[in-house]
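Residues per chain, in single letters:
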Amino acid sequence: MLNMLVIKGSYFPLIVVTVLYAKVGLLTTRFRKVLHQLLVLVPLLVALAQAPNPILRNLIALLPVILIAMDITLSMFSWHEYRSRFSHGFALSMLETSRREVTGMLGIYRRYILTFVLTVAAIFTAVNTTPVLPGRVGYLPSVFLAIVLLVHTVQALLHQQRKNSISSPLQRIVSELPFSNLNPFLQAHRDKSMIARVSRKIPEYDLSVKETGIDTYVVVIGESARPANMSIYGYYRPTTLFAESEQDNMLLFTQAISGSPVTATAVPLALTAATVKDMAVSHYSDNIINIANQGGFKTHWYSAQGMYGDYSNAITGIAMNAHHQEWVKEGYDDALLPLLDNALQGPGKKLIVLHLYGSHPPANQRYPESERYFHDNHPDDEYDNSIRFTDKLLGQIVDRLQGSRTSLLYFSDHGLERGSGKNKGWQHGGVKPLREAFQVPMFIWYSPLLTTGQEEKGKITSVYSTVNNYALITHWLGVAQESETAKPVKELARENENSQVIDTTAQVYRWTDLEVSR
């Protein structure tokens, strides 16, 4: 058998494997990405073929061969069964599948087991038949491979440092390798780990709760909403008719800013004890859900956003300790209304969090065709329609709250800035964003039934950072920790023009130091 593995002198098996990988990869992956992966695959197989000892050669080749064969098999499976690329959802399902389910699936998908076995055989054949290069030339494939891997590693680390510190550099490197389908499994592991870290560590609070006269509190977290595109803030288009009609019943923040230009960090900064200067994940467990739970509230979290991924997993960890949680996977933000209706039933104090998809780019996918109000070929038609749809949804929520002792807090996670170059649309802020990437709408609405005199209405005209929302929501609920006393919202919202923010590399800036425009 060993002699069969030592037959040398043909590049044909190597060419077959290369063509197979390219054809399967191009089903779901861009040409440029497949080319990068081939620049690793080919020198890797040729380098392995240079090992003179067949036993050592095949032992060294075992792991990369299995990973490459698995990559090809998973790509074929996801494409032929679902016409999609292998994704995080598939990986998570596989990791959470029971042994009995695995046994059943192996019977159903046995053709892919055969595909995997044949692919392993083909790759091993390529490793053991590719000719040995003469002299020092034999080192060239290994040198080339090392240079390519070094370039990918440096690029990933520079991206982490200069553009985005949220995503994993390891996953950026793996995406350039011929076993990139390993990435969904790495992401699933990161998600499960992050969710567990945030949700399992529950602080013990020493709380005092005062009566506020409010029975139900609703927090609506918007997405990518710009106050500059909202008529309640002076925009010329009628995008927020509901909010304007209820302005007498609300406390409106006219200069609210987020702590970060992306959801992954902006929402935890707003809902937990984390601060711009101390973003340690350990602080995420100290959040409004755990406080409300220990304060005697029935807590609910309903989201139209994703549950997993680097931009969602920490938020999911916060949500997991709510007594009731659900993530809506289909429809628009108004799909959360039936869940809200159920949550409003029953007695007792409640905290209900609704996390919207709002105006996240592309904005034209955030509202149904029936809500396409603006169609003037204006660059902001689609974005303004998404803002108007969110405003209509807020009106539908308030309609459900009008006849009860309720209050609603709405704020967007972050803003957007105008793209440069060819991209003139709205986009998330990145490295040292403009001020508009942080500017957000925010208001607290009070039901007209509330007449205790504790309702605070009017306007907060000074700069206010949503990083303070953790404290604001706590006091809004009437909850105070240890020796603190619940403070009025307006007192908590005192002027803080020296507020600090972070960009996507976690670099800290003073709000006043950011540029207004470029």
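Fair warning: this is a prediction, and the values are worked out from it, not measured in the lab.

A. Seen up close, the overall build of the chain. Assigned secondary structure in the chain consists of 17 helices and 14 strands. A total accessible area of about 24200 Å² is found for the chain, and carbon and sulfur atoms account for 57% of it.

B. Geometry of the environment of Asn313. Tracing the backbone shows Asn313 in helix α13 (residues 313-319). Classification of Asn313 as buried rests on a relative accessible area of 4%. Taking C-alpha positions, Asn313 is 8.9 Å from Ser193, a pair spaced 120 residues apart along the chain. Setting aside anything within four residues of it in sequence, one finds Asn313 in contact with Gln187, Arg190, Asp191, Met194, Ile195 and Met307.

C. Up close: the packing of aromatic side chains. Applying the stated rule across the entire model yields ten aromatic pairs. Taken together, a centroid distance of 4.9 Å and an interplanar angle of 50 degrees make the contact between Phe253 and Tyr464 tilted. Here the residue Phe253 occupies a position in strand β3 (residues 250-257), and Tyr464 occupies one in strand β11 (residues 458-465), the gap between them amounting to 211 residues. Here Phe253 falls in the buried class, since its relative accessible area comes to 1%. Under the relative-accessibility criterion, Tyr464 is labelled buried at 0%. Ring geometry for Tyr332 versus Phe389: centroids 6.4 Å apart, planes at 80 degrees, classification edge-to-face. With a gap of 57 residues between them, Tyr332 in the loop between β5 (324-327) and α14 (337-343) and Phe389 in helix α15 (residues 381-401) connect regions that are remote in the sequence. Owing to a relative accessible area of 4%, Phe389 belongs among the buried residues under this scheme.

D. How the structure looks around the pattern of salt bridges. The final tally for this structure, using the stated rule, is twelve salt bridges. For Lys392, the salt bridge identified is with Glu371, shortest N-O distance 2.7 Å. Linking Lys392 in helix α15 with Glu371 in the loop between β6 (350-355) and α15, this pair joins segments that are 21 residues apart in sequence. When its relative accessible area of 38% is taken as the criterion, Lys392 is described as partly exposed. With a shortest N-O distance of 3.4 Å, Arg418 and Asp380 are connected by a salt bridge. Note that Arg418 is positioned in strand β8 (residues 417-418) and Asp380 in the loop between β6 and α15, a separation of 38 residues in sequence. Shared partners join several salt bridges into a network, and the residues in it are Arg237, Asp376, Asp381 and Asp384.

E. Examining unusual backbone geometry more closely. The omega torsion of the bond from Pro361 to Pro362 falls at 0 degrees, within 30 degrees of zero and hence cis. With respect to the element layout, Pro362 can be found in the loop between β6 and α15. Positioned with a positive phi, Asn377 is a non-glycine residue whose angle comes to about 60 degrees. Residue placement: Asn377 occurs in the loop between β6 and α15. Exposure remark for Asn377: the relative accessible area of 78% places this residue in the exposed category.

F. The confidence of the model for the chain, seen in detail. Looking at the chain as a whole, the pLDDT averages 88, with 90% of positions reaching at least 70. Considering only residues more than four positions removed or in separate chains, one finds that residues 1-6, a stretch of pLDDT under 50, has eight contacts.

G. Local environment of the packing of helix α1 (residues 12-25) against helix α3 (residues 54-82). Close contact between α1 and α3 brings their axes to 9 Å; oriented N to C, the two are set at 35 degrees. Relative to α3, the crossing made by α1 is left-handed. Residues Leu20, Tyr21 and Val24 of α1 form the contact with α3, whose participating residues are Ile68, Asp71, Ile72, Ser75 and Met76. A per-class count over the contact of α1 with α3 returns six nonpolar, one polar and one charged.

H. Up close: the sheet that holds strand β7 (residues 406-412). Spatially, the eight strands line up as an open sheet ordered β5-β4-β6-β2-β7-β10-β3-β11, and their pairing is mixed. Among the strands making up the open sheet, the edge pair consists of β5 and β11. Averaged over all pairs of adjacent strands, the angle between their axes in this sheet comes to 10 degrees, without regard to strand direction. Looking at chain direction, strand β4 (residues 298-303) and β6 are connected through six bridges and run parallel. Directly across from Ser303, in β6, lies its bridge partner His355. Here α15 sits on the sheet and contacts β2 (216-222), β6, β7 and β10 (439-446); the angle it forms with β7, its principal contact strand, is near 165 degrees. In the packing of helix α16 (residues 469-476) onto the sheet, contacts are made with β2, β3, β7, β10 and β11, and the angle to β7 comes to roughly 175 degrees.

I. Examining the nonpolar core more closely. Core analysis: the largest hydrophobic core is formed by 50 residues, its most contacted members being Phe253, Leu271, Trp301, Leu351, Leu409, Ile444 and Leu472. Filtering out sequence-adjacent residues up to four positions away, Leu409 remains in contact with Val218, Val219, Val220, Met442, Phe443, Ile444, Leu472, Ile473 and Trp476.

J. Focus on the side chain of Ser407. Structurally, Ser407 is set in strand β7. Looking at Ser407, the relative accessible area reads 0%, which means it is buried. Reaching out from Ser407, the side chain makes a polar contact with the side chain of Trp476 at a distance of 3.1 Å. Sequence-distant contacts of Ser407, that is, excluding residues within four places in its chain, are made with Ile214, Thr216, Tyr217, Val218, Ile444, Trp445, Tyr446 and Trp476.

Rules used throughout
- Residues numbered from 1 in each chain as written.
- Predicted model: local features only at pLDDT ≥ 70, side-chain atom pairs only at ≥ 80, totals over all residues.
- Heavy atoms only, no water.
- Helix = DSSP H or I, 4+ residues; strand = E, 2+ residues; numbered from the N terminus.
- Areas by Shrake-Rupley, 256 points an atom, 1.4 Å probe, with all protein chains shown as cover.
- Buried < 20%, exposed > 50% of the residue type's maximum accessible area, 1.4 Å probe, protein only.
- Contact = heavy atoms within 4.5 Å.
- Phe/Tyr/Trp six-rings, centres within 6.5 Å; stacked < 30°, edge-to-face > 60°.
- Salt bridge = Lys/Arg side-chain N within 4 Å of Asp/Glu carboxyl O.
- pLDDT = per-residue confidence, 0-100.
- Axes fitted to C-alpha atoms, helices over the stretch in contact; angles between N-to-C directions.
- Left-handed = near helix turned anticlockwise from the far one by under 90°.
- Nonpolar A, V, L, I, M, F, W, Y, C, P; charged D, E, K, R; others polar.
- Pairing = 2+ DSSP bridges.
- Core = buried A, V, L, I, M, F, W, Y, C linked by side-chain atoms within 4.5 Å.
- Polar contact = N/O pair within 3.5 Å; in protein donor to acceptor, adjacent residues only side chain to side chain.

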